[in-house]
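Structural features, examined
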Amino acid sequence: MEYNFREIEKKWQSFWKENKTFKAENKSDKPKYYVLDMFPYPSGAGLHVGHPLGYIASDIFSRYKRLQGFNVLHPMGFDAYGLPAEQYAIQTGTHPAVTTKKNIERYKQQLSKIGFSFDWDRQVITSDPAYYKWTQWTFIQLFKHWYNNKIEKAEPISDLIKEFETSGNKNIDAATSYKDIFSAGQWKSMTEKQQQKILMEYRLAYLSDTMVNWCPGLGTVLANDEVKEGVSIRGGYAVERKLMRQWSLRITAYAKRLLEGLDNLEWSDSLKEIQRNWIGRSQGAMVKFEVKNCFISDEKVFIDVFTTRADTLFGSTFMVLAPEHELAEKITTPEQKSKVEEYISWAKNRSERERLTEVKKISGVFTGASGINPANGKEIPIWIADYVLSGYGTGAIMAVPAHDSRDYAFAKHFNIPIIQVVSGGDISEESYDAKQGKMINSGFLNGLDVKEAIPAMIKKIEEMKIGYGTINYRLRDAIFSRQRYWGEPFPIYYKDDMPYTLDEKELPLELPEVDAYLPTEKGEPPLARAKEWKTKQGYPLECNTMPGFAGSCGYYLRYMDPQNNEEYFSKQANEYWKNVDLYIGGIEHATGHLIYSRFWNKFLFDLGLTSKDEPFKKLINQGMIQGRSNFVYRIKGTNTFVSFNLKDKYEYTPIHVDVNIVDNDILNIDLFKSWRPEFADAEFIFEDGKYICGSEVEKMSKSLYNVQNPDDLIEKYGADTLRMYEMFLGPLTDSKPWDTHGIEGVFRFIKKFWRLFHNSNNDFEISDEKPNNKELKILHKTIKKIKEDVERFSFNTAVSSFMICVNELSELKCNKREILNELTILISSYAPHIAEELWHKMGHDESIAYAKFPVLNEEYLKENTVVYPVSFNGKMRFKVELDVNMSKEEIEKTVLNHENSQRWISGKTPKKVIIVPKKIINIVI
RNA sequence: GCCCAGGUGGUGGAAUUGGUAGACACGUUGGACUUAAAAUCCAAUGGCCAUUGCGGCCGUGCGGGUUCAAGUCCCGCCCUGGGUACCA
């Protein structure tokens, strides 16, 4: 029989489906192994060859682990909420659920053709009410908990209320924005609304007026990780800062644990580094500066600043507030009022993008007020400038122009004095920012080294009770509201303008129908259009929905127990599966999903629901598969196209051409003419009778006509070939261009593998003869290599080893059962369909998926002789085969007397002979 | 600017611990089989020189260094990709 992959692959895919071959049980005597892929957003475009790369790798690993005797959890699902389906709904009126369902079906169909060993019974879809019930449930728990810094753990709000009732808040050390101190008596005398307002500042999910990234193009706010360089990552729309009442998650409470947890994870250094930078820990001090002669309701006014350079306090010659700072207008003197107001409104109306691109432009305004430098009692001016960000630290700084380049530029521009306090550099030219040198002009600090001066100054600040040493994080709370339709509704209603959670029994709160997917005329989010969007008691429900990342925060937990209607997941299921052993996905989630998930998991851990503090033990980022675009060159002003190597004689315009009408860079003229009407009459300047196209490596994208679709390749070569080729392309973690021609080589290999089992008439024929040592050696060499390679995720070299093995066995015309049986198991995780087919032909009844991974016998690898490369002064000159047991002395003697050596020694006495057993011989002349 | 990866034939890449640089493929060239094509098989294939044969020199971004030996380690530089960007 010919190798008929279409028939074989269809046959085994339905076999696996019917027999539920890959169903994972929550109870097993086997050790568990959890392999997870980042689940896809089902877009309308379908999969291209880049998408399955990670899935193939994780599938190979899952199948390998099954062969090794593990109970493997390898699920798949869909991250189904997202902007594209909603944008499409706005344009066409099609409900996003309809689009999403259709796209999921398409994705599933495409995925099923690749032969993945997913347990589809565990599929989760984030937009399914049975799933998002638990997203909403977790939100309620976040609302009902606060973070206790003393024990670094989330605790129930009810416990916090008890504490307020007995002792007020003086003993509480919480992650909160609330600064005032109240007593138990004061607490009790508050109205419910006042109490709720205070509690809101402690909750891990809280509602507040915050500066948000408002994206008018998308009609919604965005989280920090959804914005890059002042524009939205999805769609590239401009983003501006806006004060809005929004839900946020107090992820900053977990900053320390999120940072420290990284140390024990098997993630790539670069990914950990991205997260470390995003969390951005800085050690420093909080210092209080008094505002001179300034009183608000009889109390002195102080400005808190955060600094990492407490040592330079004596050099602080002015202060700067962010334009959004709450004191900015309050401390401004009447004379400066109009200027300050003008500046603040100018700064507010600047888009984020303008602000970023005009970083070099210095702007600011003097408030007229002065602060007092607590180190030396000197009066220093207070300015407002937008180089100070409201979101970091306290939104106010002590400026030290001598030792901070930004302050320096500002001081030079506005003629503010500069006092050097650390020796080194030339401050008439530029600031001296290095943390190196001796202190000068700094009172009691003089003569100390910077490294000594920092703690000395912090100690002094603490003694003076004007501040304290502290750690500041760059990480911000996650803004959790979106003014969109297609997302999880919040389980929240409003009473007296204060938010309350729905009862857990009322979950899921299902997404209502609306007449249009647009904001109302009053500018409320789309949910405000829903009829009866209120509780049974008549209280209005929240109209915002949750962000795109909400559903992916805990999906890996739900896979453990996906049909559970009583709980998110059972304790028993979680204690069995624990956390993800191997997670494969793109690096683009470094500052989004991968931080949010860790936070979500840590919170559930604090509640005692998850058994592990970290969700993803080992994580691999697969590289991107880039497209290889082809170009034709049209001579300017004509409809004539010039072949690649002749183009420089003309003035031309390169035009992307569909890679599917180009074969090996040679353009198919007929297909090109019929590709687009404007090319129907095209003329050509050929070279060697052919039209050669240019090529370039770019992103794989529809608009660049370089998309390779897995379905087409499967149709042509089969899924086994596609799987192996995607792995053969290069290291999993590297980005690499797709080259369709390479797939032929893998296809040839698969056919060659098939021929090992078939005679010249294409009939299945294997021999029961005992294999010889040569054959056993080939097999065991391959077992060893495949095992090593898969365990270090080096799938490309594993594929080459299979090629070498099959080449060698073909050469020996080996069709012996003992060899082929083992080789089939080895290859089954890479090319499961052909392996399953041959496995059954060899007489097995059970699926190969649960066969036993071949055991390596080192005996077969033993050699009697070693071929030594003989080098002279490090240059390899010839090889010599020697007995493996020869002593170094014997080797030296033999090699020096070897006829080929004489030429290189040429009568001289070798200075030194280096012999590394079984490796190399080097003779130094 | 700062931080992190990386730079090897015409192409994708291999070299796992400092020990034969270029495995395995693609492509190219020549050949076999065939009426022909496809498929398959064989041979050559880093560059330069030599070629009747043996062979020789150079070569892992560039310049230094350590070592018997460097793609691999160290120092300096260049380039590419990613992250981040007034983070006090």
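Note that the structure is a prediction, hence the values are computed from the model and not measured.

1. Structural notes on the overall build of chain A
Broken down by element type, chain A carries 27 helices and 33 strands. Overall, chain A is about 100 × 85 × 75 Å in size when its C-alpha atoms are taken along their principal axes. Classification of the 925 residues of chain A by burial places 54% in the buried group. In chain A, once contacts between residues fewer than 6 apart in sequence are set aside, the share between residues at least 24 apart is 71%. Working note: accessible area of chain A is about 42600 Å², and carbon and sulfur atoms make up 48% of it. The distance from the centre of the 123 positive side-chain charges to the centre of the 128 negative ones in chain A is 3 Å.

2. Description of the protein's contact with RNA strand B
Near RNA strand B lie 58 residues; those nearest to it are Thr 308, Arg 406, Leu 729, Arg 748 and Asn 807. Counting only atoms of RNA strand B within 4 Å of the protein, the fraction found in sugar and phosphate groups is 63%. Ser 282 is positioned such that a nitrogen or oxygen atom in its side chain is 2.8 Å from a phosphate oxygen of RNA strand B. Contacts to RNA strand B include Arg 476, whose side-chain N or O atom sits 3.4 Å from a base nitrogen. Residues belonging to the surface near RNA strand B are distributed by class as follows: 22 nonpolar, 14 polar and 22 charged.

3. Observations regarding a nonpolar patch on the surface
A contiguous nonpolar surface patch, about 190 Å² in accessible area, is contributed by Ile 914, Val 916 and Ile 920. Its location among the elements puts Ile 914 in strand E32 (residues 912-916).

4. Remarks on the sheet that holds strand E1 (residues 32-37)
A sheet is described by the order of its strands in space; here four strands give the open sequence E2-E1-E20-E21, paired in parallel fashion. The strands lining the two open edges of the sheet, one partner per strand, are strand E2 (71-73) and strand E21 (616-621). Within the sheet, the average angular offset between the axes of one strand and its neighbour, ignoring direction, is 20°. Alignment of strand E20 (residues 580-585) against E21, held across five bridges, turns out to be parallel. Looking across to E21, one finds that Gly 585 is bridged to Asn 621.

5. A look at a negative patch on the surface
Together, Asp 426, Glu 429, Glu 430 and Asp 433 make up a region of like negative charge exposed at the surface. Within the secondary structure, Glu 430 sits in the loop between helix H13 (405-414) and helix H14 (450-463). Residue Glu 430 is classed as exposed on the basis of its relative accessible area of 54%.

6. Some remarks on helix H20 (residues 719-728)
Every α-helical turn comprises 3.6 residues, leaving residues that sit three or four positions apart pointing alike. With nine of 10 residues buried, H20 lies mostly within the body of the structure. Ala 719, Asp 720, Thr 721, Leu 722, Arg 723, Met 724, Tyr 725, Glu 726 and Met 727 are the residues of H20 that are buried. A positive phi of about 160° marks Gly 730, the residue just after H20.

7. Remarks on the domain arrangement of chain A
Interface size is often expressed as the accessible area that is lost when the parts come together. Partitioning chain A into structural domains gives domain 1 (30-138 + 549-621), domain 2 (144-257 + 477-500), domain 3 (281-473), domain 4 (625-698), domain 5 (716-860) and domain 6 (863-924). Taken over C-alpha atoms, the centre of domain 1 sits 47 Å from the centre of domain 3.

8. With respect to helix H8 (residues 192-200)
Every buried residue belonging to H8 is among Gln 195, Gln 196, Ile 198, Leu 199 and Met 200, and all of these are buried. Those residues of H8 hidden inside the fold are in contact with helix H5 (129-143), helix H6 (157-167), helix H7 (184-189), strand E5 (205-215), strand E9 (240-249) and strand E19 (498-501).

9. Some words on the pattern of salt bridges
Tallying each qualifying case throughout the model produces 44 salt bridges. One salt bridge connects Arg 63 with Asp 59, and the closest N-O pair in it is separated by 3.0 Å. Taken together, the residues span about one helical turn, with Arg 63 and Asp 59 both in helix H2 (residues 52-67) at a distance of four residues. Across the pair Glu 226 and Arg 482 runs a salt bridge, and its minimum N-O distance is 2.7 Å. Here Glu 226 is found in the loop between strand E6 (220-222) and strand E7 (227-228), whereas its partner Arg 482 is found in the loop between strand E17 (478-479) and strand E18 (492-495), with 256 residues between them in sequence.

10. Describing the nonpolar core
Of all hydrophobic cores here, the largest spans 159 residues; its most connected members are Trp 247, Phe 480, Tyr 555, Met 724, Leu 823 and Tyr 830. Apart from the residues within four sequence positions on either side, Tyr 555 is in contact with Leu 36, Asp 37, Met 38, Phe 39, Val 124, Tyr 131, Tyr 583 and His 593.

11. Digging into the sheet that holds E17
Hydrogen bonds between backbone groups are what pair the strands of a sheet, and the pairing can be parallel or antiparallel. Pairing in this open sheet of four strands is antiparallel, and the strands run E6-E5-E9-E17 from one edge to the other. Two strands close off the open sheet at either side, each with one partner strand: E6 and E17. Pairing of E5 with E6 involves three bridges; the strand directions are antiparallel. Paired with Trp 214 across the strands is Val 221, a residue of E6.

12. Here's the deal with the packing of helix H1 (residues 5-19) against helix H25 (residues 832-841)
In contact at an axis separation of 9 Å, H1 and H25 are set at 85° when each is read in the N-to-C sense. By the angle between their axes, H1 is roughly perpendicular relative to H25. When H1 is examined against H25, the residues Ile 8, Glu 9, Lys 11, Trp 12, Gln 13 and Trp 16 are found in contact with a partner set consisting of Pro 832, His 833, Ile 834, Glu 836, Glu 837 and His 840. For the contact of H1 with H25, a count of residues per class yields five nonpolar, three polar and four charged.

13. Section: the packing of aromatic side chains
Applying the stated criterion across every chain yields a total of 75 aromatic pairs. Relative to Phe 182, the ring of Phe 164 lies with its centre 4.9 Å away and its plane at 80°, an arrangement referred to as edge-to-face. Pair noted here: Phe 164 is in helix H6 and Phe 182 is in the loop between H6 and H7, with a separation of 18 residues, a long-range link. By relative accessible area, Phe 164 is classed as buried at 0%. The class of Phe 182 is buried, set by a relative accessible area of 5%. The aromatic ring of Trp 120 is capped on one face by Lys 108, whose charged end is 4.5 Å from the ring centroid. The residue whose ring lies beneath Arg 234 is Tyr 41, and the NZ or CZ to ring-centre distance is 5.9 Å.

14. Focus: unusual backbone geometry
The omega angle of the peptide bond from Leu 507 to Pro 508 is -5°, so this bond is cis rather than trans. Checked against the element boundaries, Pro 508 lands in the loop between E19 and helix H15 (555-558). Phi is positive for Asn 441, close to 50°, though the residue is something other than glycine. One non-glycine residue, Asp 497, lies in positive phi territory at about 70°. With respect to the helices and strands, Asp 497 occurs in the loop between E18 and E19.

15. Topic: the environment of Arg 241
Structurally, Arg 241 is set in strand E9. Given the relative accessible area of 23%, Arg 241 is considered partly exposed. Distance in space between the C-alpha atoms of Arg 241 and Asn 26 is 48 Å, their sequence separation being 215 residues.

16. A few points about the pairing of E5
Within E5, eight of the 11 residues are buried, leaving the element largely enclosed by the surrounding structure. Pairing of E5 with E9, which is carried by 10 bridges, proceeds in the antiparallel orientation. Of the residues in E9, the one forming a bridge with Asn 213 is Arg 241. Hairpin connection, E5 to E6: the antiparallel pair is bridged by four residues, and Gly 219 has positive phi, about 65°.

17. Quick notes on the environment of Gly 261
By secondary structure assignment, the location of Gly 261 is in helix H9 (residues 255-261). Ignoring anything within four residues of it in the chain, the contact list for Gly 261 reads Arg 598 and Glu 614.

18. Considering the side chain of Gln 141
Its place among the elements puts Gln 141 in helix H5. Sequence-distant contacts of Gln 141, that is, excluding residues within four places in its chain, are made with Glu 504, Phe 603 and Leu 607.

19. Quick look at the packing of H1 against helix H19 (residues 710-717)
Axis separation between H1 and H19 bottoms out at 8 Å; the angle between their running directions is 115°. Judged by residue contacts, Phe 5, Arg 6 and Glu 9 of H1 engage Ile 714, Glu 715, Lys 716 and Tyr 717 from H19.

20. Here's the deal with the pairing of strand E14 (residues 379-384)
Note: strand E12 (residues 318-321) against E14, three bridges, orientation parallel. What sits directly across from Met 319, in E14, is Ile 382. One ladder, built from five bridges, connects strand E13 (residues 365-372) with E14; its direction is antiparallel. Across the sheet, residue Phe 366 finds its bridge partner in E14, namely Trp 383. Counted between consecutive antiparallel strands, the loop separating E13 from E14 contains six residues, among which Gly 377 sits at a positive phi close to 70°.

Basis of the calculations
- Residues numbered from 1 in each chain as written.
- Chains lettered and ligands numbered in written order.
- Predicted model: local features only at pLDDT ≥ 70, side-chain atom pairs only at ≥ 80, totals over all residues.
- Heavy atoms only, no water.
- Helix = DSSP H or I, 4+ residues; strand = E, 2+ residues; numbered from the N terminus.
- Buried < 20%, exposed > 50% of the residue type's maximum accessible area, 1.4 Å probe, protein only.
- Contact = heavy atoms within 4.5 Å.
- Areas by Shrake-Rupley, 256 points an atom, 1.4 Å probe, with all protein chains shown as cover.
- Lys, Arg positive; Asp, Glu negative; His and termini not counted.
- Charge placed at Lys NZ, Arg CZ, Asp CG, Glu CD.
- Near = heavy atom within 4 Å.
- Polar contact = N/O pair within 3.5 Å; in protein donor to acceptor, adjacent residues only side chain to side chain.
- Nonpolar A, V, L, I, M, F, W, Y, C, P; charged D, E, K, R; others polar.
- Patch = residues over 30% accessible without salt bridge, like charges linked within 9 Å, V, L, I, M, F, W, Y side chains within 5 Å.
- Salt bridge = Lys/Arg side-chain N within 4 Å of Asp/Glu carboxyl O.
- Pairing = 2+ DSSP bridges.
- Axes fitted to C-alpha atoms, helices over the stretch in contact; angles between N-to-C directions.
- Domains from an automatic or database assignment.
- Core = buried A, V, L, I, M, F, W, Y, C linked by side-chain atoms within 4.5 Å.
- Parallel < 35°, antiparallel > 145°, perpendicular 65-115°, else oblique.
- Phe/Tyr/Trp six-rings, centres within 6.5 Å; stacked < 30°, edge-to-face > 60°.
- Lys NZ or Arg CZ within 6 Å of the ring centre and 35° of its normal.

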